[in-house]
Amino acid sequence: MSSKRPMSKEANKKKTKDKNNADNLAKAEEAAASEPGHPEYIFPLVLTSVSQELFGCRADEDVTAENPHKLLKKQDIIQDLRNRAAVCDFSPVKQTVLDYPEDELLLVFDRDFTYGQSFYLVLTVQAKESILKPPAEGADEQMEDEEQQEEEEEMMMKTPEPQPWVSLGSEQEIQDQSLSETRPRLRYSARPLERRCGVHAHFSDRNALDWKEALVECSSYEDKSFSITLMERDSSTQTCRDNTHTSTQTLWKKPKNMWSQYEPREFSPEEIQHQLQSENLKNFITSVARRFEISLQQNLITDVFCDDWTALCEDDASLMGKTEAQLKEYQSFMDLHFSKEKTISHVQWHPSISGLIVVSMMERLSLEERIDSSTKLLLNPSYILFWSFSDPINPQLQLECPDDVLCFQFSPSDHNIIAGGCMNGQVVLWDISAHVDRLQDTQSGGKNIPNKLGKSTVTPVVRYCAVSGIENGHKAPITDIQWLPENFEVNKLGNPVENSSRTSVQLVTCAPDCCVLFWDLRAPRVMVHSLTDIKQKHEEKPLENPHGVPNTFTHLNLTWKPFIRVSLPKISSSGEYSPLKFSMRENTVDYTTGDKSVNEADGCVFAQLRMQSAKQQKPLQNISTKLYIGTEDGELVYTDWKVEKDNDSGRMLSSKPLDVFLLQDTLLHTVSRSPFFRDIILTVGRFSFAIWREGLTCGPLLMSVYSKSMFSAGHWSQSRPAVLFMGREDGDVEVWDLLQNSRQPSHTQNISTASISCIRTHTSSAKQHLLAVSDRLGTLHILQIPGSLRRSSSSERQNVEKYFEKEEERLQYFEKRQSDHQKKKKEMEAEQQKKKTELLTPPKQEEEVDVETLKEYQQFLNLEKLILKDMNIQSETQQTCNTINTHSPAHTNTPAHA
């Protein structure tokens, strides 16, 4: 008879009910899999990589298709909802999680996207139990048999008979696991030394800092196992009167006005002459002359204006390694209308107005999407926005663009003139002279703007003055634009000549259409003006200008075309290079050139300037005409912009590049010169960056290791020669200190969730250096650079220069070793080829060998005969025998001697 206790009717009904619920859930799950949508007891979720890492449910690592279940603690989900609020991925089911009765929720990894997402959360306890413990095959039949058997047992109701106890060995296991003594216990006794017994104890104070090794600190700590949550606390307060005691020791007296009058005491001429001729003065001068000379020498060799305390603090901070490198958020700019669904393509600080930064916006569209929505883009023009620190909500000025602008630069001669390169290959010019007062008022905090401009807060829109003809410009988007300095200009052959106007009037642009173009802002030189033309010009009325556009560049609008086209043919093969960025030795981007002071109030009248004739142009020999160009294929091209006349065709053609360096297979989006060293160039690609020295063909001075996250921008520090700022596509900014570590960044900080598009530094004051970082979402972040990254030590520039020199020596040594190795390799190959040639020569015939041997032997006999004859040793008979022996073949190997 079975010893199993029969189940009651209530338990049987409960078990049957649970079984029916499980069957219903399984059927609902099957129906949900076959029909669109999802059941009510689950909720599909999208978990980001951060949430997967936080809850330990990384796809295909922590959870897989074979093991898709993950139990999440309810308290952890609630804590994540408190920390990240709406950013948390569980925020849609917040109330369901709070009302869930148990402490653990079931998360299922849906690899096949059955319910539309990669995860789904089970919202009920019954569904969780049915998923974790599904019924096995044949379980229904077994359950029915057990129920039938239990019903039969319940009907019989027989008293079980006692059975004898059978030992299964459990008592032996209990005895093996119990602790028993196998040997007698050890006894120890401890007592102090006899000479210390009864001695008086002497206690004294001692400093804990001087005896750290002899002390053990037992600090208190919080034991979480005994922590009790304080739900209610009684507190009491008691009021008391405030007593104030004041006293003073100052004796108040009546103020009186006092004055004094004196006159300087001067020597008379007799006293002066007496003092100059006195022996005491002569002895004093003789005694202190040596010390006075030493003091003068020390003043010449020592910087008396150096702040020793600041230098001492810098040295201590660099030695201790406790410098602060955290970039602090200073301000951020974003416009909900102009920045929506757009990215920042270029950032530029205003050269003369502090606290003013300019950004260009472009659509976040691919080439196919841009073609499909071309009509929409024409109706919504692009803008360049002027942001001020005094008003982070509204832009101060808007520049209307004919198309999206990828790059722009302020004129170094007149900061009110701005040149930009568009997506369609056109060059655009703006003149903001009419809005200078508004921009300068923002520098003082914007207090005077309502008084001068009225109560209207509408941002003014400035239309472009001139745009180049689309048929004469670039055939691809302009990716870089730079002004030529004020001290020189370029003629039609590309030769630098003196700029008599001392005004920057020429531009250089590049685009991926395999050419670099030079542009001139001046009107063409008119040779002859007739009296009739001059009279008509005076009688003509000025044209109406409904948009309020200045007439600064009216002579260039839609007729502007480049005067030099520099092509980039490949060195070793056919085709041309596709430039993205370029850098000149004399540029106005990385550092300001020219000594001319900018007068923005007067401005530069570009319409009155004319091109000089070739006879008036004075050539300059000290200006470099070399360019470093970064291409789409990851190549760094070093070329000359001068054009030469072809002897065969007579056309003006560009020469081939001088050197080409292949860095990587991705594009080079940054080519920038150091503001401290004119011959040091920084190039940044997708996976690494490199530092080059102009004229060094061995390779880069420094090549960084490949980064896991791709670089998207790079910039030199304007205050420290050894510091670089790198932006990555994951939103992080890396700070590289070459003197501290050249293998990895000294500091990495997350700025945005999107890719960094541009980085620019700015010095607003000696104690405030700012870093502008823009991202792909259209947000401009202004960060404050800490003191450790903006203060340069007195010897940092010399140390960086020594570092570059050592790297250059290393490259030259490596190149020499490599050339020697190649030379030895060629010599070894020549020797091996010579040996192979000798082995391949056919062997001589035996007759030829015998003839050569006989000839050599005859020469030997003749030499022997002459020697013996000179010594008078050989007789006439021997001579006859020798003659006979020479004709005998039996004696060809052994000569006959006298």
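Residues numbered from 1 in each chain as written. Predicted model: local features only at pLDDT ≥ 70, side-chain atom pairs only at ≥ 80, totals over all residues. Heavy atoms only, no water.

This brings us to the overall build of the chain. Within the chain one finds 19 helices and 37 strands. Looking at the chain as a whole, 37% of its 898 residues qualify as buried. If you sum the accessible surface of the chain, you get close to 61,100 Å²; carbon and sulfur atoms cover 51% of it. (Helix = DSSP H or I, 4+ residues; strand = E, 2+ residues; numbered from the N terminus. Buried < 20%, exposed > 50% of the residue type's maximum accessible area, 1.4 Å probe, protein only. Areas by Shrake-Rupley, 256 points an atom, 1.4 Å probe, with all protein chains shown as cover.)

What follows is about unusual backbone geometry. The phi dihedral of Glu341 is positive, around 55°, even though this residue is not glycine. Summarising the element assignment, Glu341 is placed in the loop between β5 (328–333) and β6 (342–349). You can call Glu341 exposed: its relative accessible area is 51%. Of note in the backbone geometry, Arg502 takes a positive phi value of approximately 55° without being a glycine. Inspection of the secondary structure assignment puts Arg502 in the loop between β17 (496–498) and β18 (506–511).

This part covers the environment of Ile131. You can see Ile131 is positioned in helix α5 (residues 125–132). On the accessibility criterion, Ile131 (12% relative accessible area) is buried. For the pair formed by Ile131 and His69, sequence separation is 62 residues and the distance between their alpha carbons is 8.9 Å.

Along the polypeptide, Cys88 turns up in the loop between α3 (74–84) and α4 (94–99). Remark: the alpha-carbon pair of Cys88 and Ser51, spanning 37 residues in sequence, is separated by 7.9 Å.

Residues of the chain with pLDDT of at least 70 account for 80%, and the chain-wide mean is 79. Low pLDDT, under 50, characterises residues 593–603; the stretch is placed with 20 contacts to residues that sit more than four places away or in other chains. (pLDDT = per-residue confidence, 0-100. Contact = heavy atoms within 4.5 Å.)

What follows is about the pairing of strand β35 (residues 756–765). Looking at chain direction, β35 and strand β36 (residues 768–775) are connected through 8 bridges and run antiparallel. From the neighbouring strand, His762 faces β36, where its bridge partner is Leu770. (Pairing = 2+ DSSP bridges.)

Attention now goes to the side chain of Ser578. Mapped onto the elements, Ser578 comes out in the loop between β20 (564–567) and β21 (579–584). Take Ser578: its relative accessible area is 15%, and that puts it in the buried class. Apart from the residues lying within four places of it in its own chain, the contact partners of Ser578 are Pro512, Cys514, Gly630, Thr631 and Glu632.

So, on to the sheet that holds strand β27 (residues 670–673). Two modes of strand pairing occur in sheets, parallel and antiparallel, and in both the strands are linked by backbone hydrogen bonds. Overall, antiparallel pairing links the 4 strands, which are arranged β27-β28-β29-β30 in an open sheet. Each of the sheet's edge strands pairs with one partner strand only, and the pair in question is β27 and β30 (702–703). Inspection of the sheet shows β27 paired to strand β28 (residues 680–684) by 4 bridges, in the antiparallel sense. When the bridges of β28 are listed, Ser672 appears paired with Leu682.

What follows concerns the sheet that holds strand β7 (residues 356–363). If you trace the 5 strands from one edge of the open sheet to the other, you get β6-β7-β8-β9-β13, paired in mixed fashion. Of all the strands in the sheet, the pair left with one neighbour each is β6 and β13 (461–462). Relative to strand β8 (residues 382–388), β7 is paired through 5 bridges, and the arrangement is antiparallel. Across the sheet, residue Ser360 finds its bridge partner in β8, namely Ile384.

A cluster of like negative charges, contributed by Glu846, Glu847, Glu848 and Asp850, occupies part of the molecular surface. Among the structural elements, Asp850 can be located in helix α18 (residues 846–870). (Patch = residues over 30% accessible without salt bridge, like charges linked within 9 Å, V, L, I, M, F, W, Y side chains within 5 Å. Salt bridge = Lys/Arg side-chain N within 4 Å of Asp/Glu carboxyl O. Lys, Arg positive; Asp, Glu negative; His and termini not counted. Charge placed at Lys NZ, Arg CZ, Asp CG, Glu CD.)

All told, the structure shown has 24 salt bridges when counted by the stated rule. When the shortest N-O distance is used, the salt bridge between Arg58 and Glu53 registers 3.8 Å. Since its relative accessible area comes to 31%, Arg58 is described here as partly exposed. For Asp737, the salt bridge is made with Arg720, and the minimal N-O distance between the two is 3.1 Å. Here the residue Asp737 occupies a position in strand β33 (residues 732–737), and Arg720 occupies one in the loop between β31 (711–716) and β32 (723–728), the gap between them amounting to 17 residues.

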